[in-house]
There are 2 protein chains.
Amino acid sequence: MREVYVIGVGMTPFGKFPNRPYYDLGKEAVVKAVKDANVDKREIQAGYVGNVKAGMAPGQKVFKELGMTGMQIVNVENACSSGQTALNLAYTAVASGQYDMVMAVGTENLTGGRTGGEALAPDQDDIEGILGNVMPGIYAMRARRYMEQYGATDEDLALVAVKNHKHSSLNPYAQYRNLVTVEEVLASRKVAEPFTLLQCCPVADGAAVAVVCSKEKMLQLGAKGVKIEASILVSGLFKNQPSDMTIPEITQRASRLAYEMAGIGPEDINMVECHDAFTIAEFLYYETLGFCGKGEAASFLRSGQAELGGRHVFSVRGGLLCMGHPLGATGVAQTVEAVWQLRGQAGDRQIQGAKTAMIHITGGGVSGMDNAACGVHIFSV
Amino acid sequence: MREVYVIGVGMTPFGKFPNRPYYDLGKEAVVKAVKDANVDKREIQAGYVGNVKAGMAPGQKVFKELGMTGMQIVNVENACSSGQTALNLAYTAVASGQYDMVMAVGTENLTGGRTGGEALAPDQDDIEGILGNVMPGIYAMRARRYMEQYGATDEDLALVAVKNHKHSSLNPYAQYRNLVTVEEVLASRKVAEPFTLLQCCPVADGAAVAVVCSKEKMLQLGAKGVKIEASILVSGLFKNQPSDMTIPEITQRASRLAYEMAGIGPEDINMVECHDAFTIAEFLYYETLGFCGKGEAASFLRSGQAELGGRHVFSVRGGLLCMGHPLGATGVAQTVEAVWQLRGQAGDRQIQGAKTAMIHITGGGVSGMDNAACGVHIFSV
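Notes on the overall build of chain A
Moving on, step 1. Helix and strand counts for chain A stand at 13 helices and twelve strands.
Moving on, step 2. Seen along its three principal axes, the alpha-carbon backbone of chain A occupies a region of about 55 × 45 × 40 Å.
Moving on, step 3. By residue count, 66% of the 381 residues in chain A fall in the buried class.
Moving on, step 4. Long-range pairs, those at least 24 residues apart, make up 77% of the contacts in chain A between residues at least 6 apart in sequence.
Moving on, step 5. Between the centroid of the 34 positive side chains of chain A and the centroid of its 39 negative side chains there is a distance of 6 Å.

Things to note about helix H3 (residues 82-95) of chain A
An α-helical turn contains 3.6 residues, so a residue and the one three or four places further along point in the same direction.
Residue and element names in this part refer to chain A.
Moving on, step 1. For H3, which comprises 14 residues, the first-to-last C-alpha distance of 20 Å matches the rise-based estimate of 20 Å (1.5 Å per residue) to within 8%.
Moving on, step 2. Of all 14 residues in H3, 14 are buried, a share of seventy percent or more.
Moving on, step 3. Phi turns positive, to about 90°, at Gly97, one or two residues after H3.

Brief notes about unusual backbone geometry
Moving on, step 1. Between Glu193(A) and Pro194(A) the backbone carries a cis peptide bond, its omega angle lying at 15°.
Moving on, step 2. Within the secondary structure, Pro194(A) is located in the loop between strand E5 (190-192) and strand E6 (195-196).
Moving on, step 3. At Ser315(A), a residue that is not glycine, the phi angle is positive and equals roughly 60°.
Moving on, step 4. Residue class for Ser315(A) comes out buried when judged on its relative accessible area of 0%.
Moving on, step 5. Phi is positive for Ala79(B), close to 55°, though the residue is something other than glycine.
Moving on, step 6. When you line up the elements, Ala79(B) lands in the loop between strand E3 (72-77) and helix H3 (82-95).

Observations regarding the environment of Asn164(B)
Residues and elements named next belong to chain B.
Moving on, step 1. Position of Asn164 relative to the elements: it lies in helix H6 (residues 154-168).
Moving on, step 2. On the accessibility criterion, Asn164 (0% relative accessible area) is buried.
Moving on, step 3. Look past the residues within four positions of Asn164 in its chain and what remains in contact with it is Asp276, Glu282, Phe314, Ser315, Gly318, Leu321 and Cys322.

Some thoughts on the pairing of strand E11 (residues 356-364) of chain B
Where a strand is regular, its side chains alternate between the two sheet faces.
All names here are of chain B.
Moving on, step 1. The element E11 is extensively covered by neighbouring structure, given that nine of its nine residues are classed as buried.
Moving on, step 2. Residues Thr356, Met358, His360, Thr362 and Gly364 point to one face of E11 and Ala357, Ile359, Ile361 and Gly363 to the other, with burial holding for every one of them.
Moving on, step 3. Pairing between strand E9 (residues 271-273) and E11: three bridges, direction parallel. Within E11, the residue paired with Val272 across the bridge is Met358.

Focus on the packing of helix H6 (residues 154-168) of chain A against helix H10 (residues 279-288) of chain A
Residue and element names in this part refer to chain A.
Moving on, step 1. Packing of H6 against H10 leaves a shortest axis separation of 8 Å and a crossing angle of 95°. Considering the angle they form, H6 stands roughly perpendicular to H10. Every residue of H10 that contacts H6 at Asp156, Leu157, Val160, Ala161, Lys163 and Asn164 is listed here: Thr279, Ile280, Glu282, Phe283 and Tyr286.
Moving on, step 2. Of the residues that constitute the contact of H6 with H10, the class distribution is six nonpolar, two polar and three charged.

Considering the confidence of the model for chain A
Moving on, step 1. Per-residue confidence for chain A gives a mean pLDDT of 93; residues scoring 70 or more make up 94%.
Moving on, step 2. We note a pTM of 0.95 for the whole complex and an ipTM of 0.93 for its interfaces.

Notes on the packing of aromatic side chains
Moving on, step 1. Counted according to the given criterion, the structure contains 22 aromatic pairs over all chains.
Moving on, step 2. Judged by centre distance (5.0 Å) and plane angle (45°), the rings of Tyr173(A) and Trp340(A) are tilted. With Tyr173(A) in the loop between H6 and helix H7 (182-187) and Trp340(A) in helix H13 (residues 327-342), this residue pair connects regions lying 167 residues apart in the sequence.
Moving on, step 3. Among the residues examined, Trp340(A) registers a relative accessible area of 12% and is labelled buried.
Moving on, step 4. Plain terms: the ring middles of Tyr22(B) and Tyr23(B) are 5.2 Å apart, the flat faces sit at 90° to each other, and that makes the pair edge-to-face.
Moving on, step 5. Its relative accessible area of 14% is what places Tyr23(B) among the buried residues.
Moving on, step 6. The residue whose ring lies beneath Arg142(A) is Tyr139(A), and the NZ or CZ to ring-centre distance is 5.0 Å.

With respect to the packing of helix H5 (residues 135-150) of chain A against H10(A)
All names here are of chain A.
Moving on, step 1. For the pair H5 and H10, interaxial distance at closest approach is 9 Å and the crossing angle is 60°. By the angle class used here, H5 and H10 are oblique. Of the two possible hands of crossing, H5 and H10 adopt the one that is left-handed. Contact with H5, carried on its side by Tyr139, Arg142, Ala143 and Tyr146, involves Ile280, Ala281, Phe283, Leu284, Tyr285 and Glu287 of H10 and no other residues of that element.

A few points about the nonpolar core
Moving on, step 1. One finds Tyr48(A), Val212(A), Phe379(A), Tyr48(B), Val212(B) and Phe379(B) to be the most contacted residues of the largest nonpolar core, which totals 88 residues.
Moving on, step 2. The next biggest cluster of nonpolar side chains, apart from the first, holds 49 residues, and it includes Met135(A), Ile250(A), Ile269(A) and Leu284(A).

Brief notes about the pairing of strand E4 (residues 101-108) of chain B
All names here are of chain B.
Moving on, step 1. Burial runs high along E4: eight of the eight residues are buried.
Moving on, step 2. A two-sided burial pattern is seen for E4, the buried positions comprising Met101, Met103, Val105 and Thr107 on one face and Val102, Ala104, Gly106 and Glu108 on the other.
Moving on, step 3. In terms of strand pairing, strand E2 (residues 46-50) meets E4 through four bridges, oriented parallel. In the strand pairing of E4, Tyr48 is matched with Ala104.
Moving on, step 4. Looking at chain direction, E4 and strand E7 (residues 206-214) are connected through eight bridges and run antiparallel. Pairing of Glu108 across the sheet is with Gly206, part of E7.

Digging into the pattern of salt bridges
Residue and element names in this part refer to chain A.
Moving on, step 1. Applying the stated rule across the entire model yields 40 salt bridges over all chains.
Moving on, step 2. When the shortest N-O distance is used, the salt bridge between Asp24 and Arg20 registers 2.8 Å.
Moving on, step 3. Asp24 sits in the partly exposed class, given a relative accessible area of 27%.
Moving on, step 4. According to the relative accessible area criterion, Arg20 is partly exposed, its value standing at 24%.
Moving on, step 5. For Arg20, the salt bridge is made with Glu28, and the minimal N-O distance between the two is 2.9 Å.
Moving on, step 6. A network of salt bridges, in which partner residues are shared, links Glu3, Lys215, Lys227 and Glu229.

What to know about the environment of Tyr150(A)
Residue and element names in this part refer to chain A.
Moving on, step 1. If you trace the backbone, Tyr150 turns up in helix H5.
Moving on, step 2. On the basis of relative accessible area, Tyr150 is assigned to the partly exposed category, the value being 29%.
Moving on, step 3. C-alpha of Tyr150 to C-alpha of Ile130: the two residues are 20 residues apart in sequence and 30 Å apart in space.
Moving on, step 4. Not counting residues up to four positions away in its chain, the partners in contact with Tyr150 are Asp244, Thr246, Lys294 and Gly295.

Focus: helix H10 (residues 279-288) of chain B
All names here are of chain B.
Moving on, step 1. Among the ten residues that make up H10, ten are buried, leaving the element largely enclosed by the rest of the structure.
Moving on, step 2. All buried positions along H10 are accounted for by Thr279, Ile280, Ala281, Glu282, Phe283, Leu284, Tyr285, Tyr286, Glu287 and Thr288.
Moving on, step 3. Following H10 by one or two positions, Gly290 has its phi on the positive side, about 95°.

Calculation rules
Residues numbered from 1 in each chain as written. Chains lettered and ligands numbered in written order. Predicted model: local features only at pLDDT ≥ 70, side-chain atom pairs only at ≥ 80, totals over all residues. Heavy atoms only, no water. Helix = DSSP H or I, 4+ residues; strand = E, 2+ residues; numbered from the N terminus. Buried < 20%, exposed > 50% of the residue type's maximum accessible area, 1.4 Å probe, protein only. Contact = heavy atoms within 4.5 Å. Lys, Arg positive; Asp, Glu negative; His and termini not counted. Charge placed at Lys NZ, Arg CZ, Asp CG, Glu CD. Expected span 1.5 Å × (residues − 1). Pairing = 2+ DSSP bridges. Axes fitted to C-alpha atoms, helices over the stretch in contact; angles between N-to-C directions. Parallel < 35°, antiparallel > 145°, perpendicular 65-115°, else oblique. Nonpolar A, V, L, I, M, F, W, Y, C, P; charged D, E, K, R; others polar. pLDDT = per-residue confidence, 0-100. Phe/Tyr/Trp six-rings, centres within 6.5 Å; stacked < 30°, edge-to-face > 60°. Lys NZ or Arg CZ within 6 Å of the ring centre and 35° of its normal. Left-handed = near helix turned anticlockwise from the far one by under 90°. Core = buried A, V, L, I, M, F, W, Y, C linked by side-chain atoms within 4.5 Å. Salt bridge = Lys/Arg side-chain N within 4 Å of Asp/Glu carboxyl O.

In structure tokens, the structure reads:
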């Protein structure tokens, strides 16, 4: 397999844009990424497009008015992991020698049009989902179990939101840029006990794009890219895992494969964008991705290591908690943040000397993690 | 790139099964394909799953109860071309050396559940679609133009349906197996002039699977496969093409690439499964795929060449017109037919001495071919 680089990125701000269809958001991100990569758009040979809710052939609609159809376009869906699925296919297409330069696109509008209300409702035949076993409930049970098992407190969990808001206050692309206190987090309205509103990622619209390129092509273009050291996509089951619901088996498996592929370990990672859909999720991923031991998440967080200025900064863009989570777009937006950080272009939220970044996402069918996909990518400069 | 073979196939009958969810249909096809390939299901390394309407992570739901999650699963969507998109990714994953044995799955339920009614409605912002520029209207305009330009008659078009019903009467997997006459076709209820009901492909549910394998792995297994000589997937625009709406540019382009990749021409092809969504479509594809000259479709058909017993049999399984068109499933079901024919296992509809098969599909967003994908594959024994 060949070496693969990201040579350009672009994204829209994330927020609620009910009047901007997904293809309009997608076009903005494509144009920005092409400009950032400083390439002729006609040299892009294929497009892998992550989207969940838009209906038929969304990628074609993104590329159409840019005059970029003709190439191979593959629309992919893997729930929350759709964006990293697009990136994985883009990586594979270039690594295998099939193409020299392609695009990974993630775009989603969850607030507008007919996809709004029903977007996150359980399937008709999903009895557990109809009875309440949807994402907030599933994560709430994991949180309660974790608190019971390791003595973590409501305040510990709230600190994840406090940290991520501190980060997002420095990010002009974030949906929520306000600072919050532990008291404010805990006083916000209840969603699924122990979660209050500020502990759940909000709905959002947005788009992000990465231009993915072979080393040979990059050198020929005189570009300087960020290397993709690992690209992993796996499937799995949540309910199928062993007795401990505080260990996300699919993430454990995917991250081990990614570390192996990159030949590094957590100690080498400067920043992580993880799937912090709820505050507890960051706790579970500190541990499962190998940044601290089991049950040590609260002290890891309180030590400052996961915060800007720390050794392993988590969710430096504000994470899903402050960006929001436009399903198909998130995985590619994580990539954009990694590239900006590794290039030293992240402005006020720049991680000094960042050399290696990991992005992680995990998602499943509507009623939870039962039909899951997990993506992990590692980048370096 | 490595040589790639299909070493096993399976499918459900096509029909209206409102009470069989897509994953139930998909499971049946997976089990049949694994059995046909005579492999251990644990050796399947990835699944590429074509589906349009089922919502989040459909592939995971297909594989879950079969204990086949863990591997990479990529859910793909390209409107009518979703199934061939899955096949193209499966081909690429094996040809590139990424995997040795993977599955292409197509599954769709269009009649059941909440996806039924709205499934084929135009987008809210699709003014042309809302005004009637949907598939039957688009193909009807192409038909009228073709008839005007080349003098084809209503009877000529009806003969496509007569032929395909003759074929489907020999196919236990077809939704409609009755013989029809020209008079019956023309007397069926009007849909979009000049089309009557029997000239439009029906809604259907169904699933199909192909096990895709490297040559090395196939030899190791002692299996005998059907070789994939060409695997092409492109995007394009319908409205963007030159002045003549009777020339589907995207098909012309994809088929030329496929012939080039396989190093053969139409004269070498024994059978074609094309995208006969309406009777006129077969006419356009006789010509665009290179089996007769422009304007010669009616005489090509009347010569018997496209019929069982002829030199280039079109739609020997009954085509979309008699099978129906469960969007995500169709491209893989075309593959299943090609494999059965090339192995000499097609029963009463067997094409004697079939050595080379082509499958073709083209699809786009709801309101027609404006955001299109086209797949062409060529197989040989």
